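Chain by chain, the residues run as shown.
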Amino acid sequence: MLKIFSLPKLGGRASGAPLVAAHIDLSKAFDTVPHQLLLTELRDIGCSTEVLNWFCNYLTDRLQRVITYEEITDWIMVSRGFPQGSGLSPLLFNIFF
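Residues numbered from 1 in each chain as written. Predicted model: local features only at pLDDT ≥ 70, side-chain atom pairs only at ≥ 80, totals over all residues. Heavy atoms only, no water.

(A) Structural context of the overall build of the protein. The number of helices and strands found in the protein is 3 helices and 4 strands. Listed N to C, the secondary structure of the protein is β-β-α-α-β-β-α in terms of helices and strands. When burial is assessed residue by residue, the protein has 20% of its 97 residues classed as buried. At a minimum sequence separation of 6, the contacts of the protein that also span at least 24 residues come to 42%. Of the roughly 7600 Å² of accessible surface on the protein, 58% is carried by carbon and sulfur atoms. (Helix = DSSP H or I, 4+ residues; strand = E, 2+ residues; numbered from the N terminus. Buried < 20%, exposed > 50% of the residue type's maximum accessible area, 1.4 Å probe, protein only. Contact = heavy atoms within 4.5 Å. Areas by Shrake-Rupley, 256 points an atom, 1.4 Å probe, with all protein chains shown as cover.)

(B) Representation of the layout of surface pockets within the structure. In this structure, the largest pocket occupies an estimated 270 Å³ of space. Lining the largest pocket are 13 residues, and of these Q64, V78, F82, P83 and Q84 lie nearest its centre. Secondary-structure elements contributing two or more residues to the lining of the largest pocket are β3 (62-64) and β4 (76-78). Tallied by class, residues from the lining of the largest pocket come to 6 nonpolar, 4 polar and 3 charged. (1 Å grid on protein atoms, 1.4 Å probe; cavity = no way out; pocket = protein on both sides within 12 Å on 5 of 7 lines; lining within 4 Å. Points joined across faces, edges and corners; volume = space filled by probe spheres on them. Nonpolar A, V, L, I, M, F, W, Y, C, P; charged D, E, K, R; others polar.)

(C) Spotlight on helix α3 (residues 88-96). Within α3, burial applies to S89, L92 and F93. The arc that holds the buried residues of α3, viewed along the axis, is 105°, so those residues lie on one side. The secondary structure elements touched by the buried residues of α3 are α1 (35-44) and α2 (49-59). (Arc of directions from axis to C-beta.)

What follows is the structure, given as structure tokens:
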């Protein structure tokens, strides 16, 4: 989500020009990247077959489920996004976008 704010005048601004700020919400962005498109991007930037195979293994055959106080969902296959807390997630996100 992109939000743009315009503040007409702030005290202390020498030019008196309006201040414009943008806020980009990336909270769910890491969950949106399709694995197959990321692997294509990695191939296109010159990753070797060995590296592509490693990333393919890292990203595929992942399962997730939701556990609450009242319910546990069935396991489902994950085909988008990166493992939470992974140090590779920001790097892969930047490569993709």
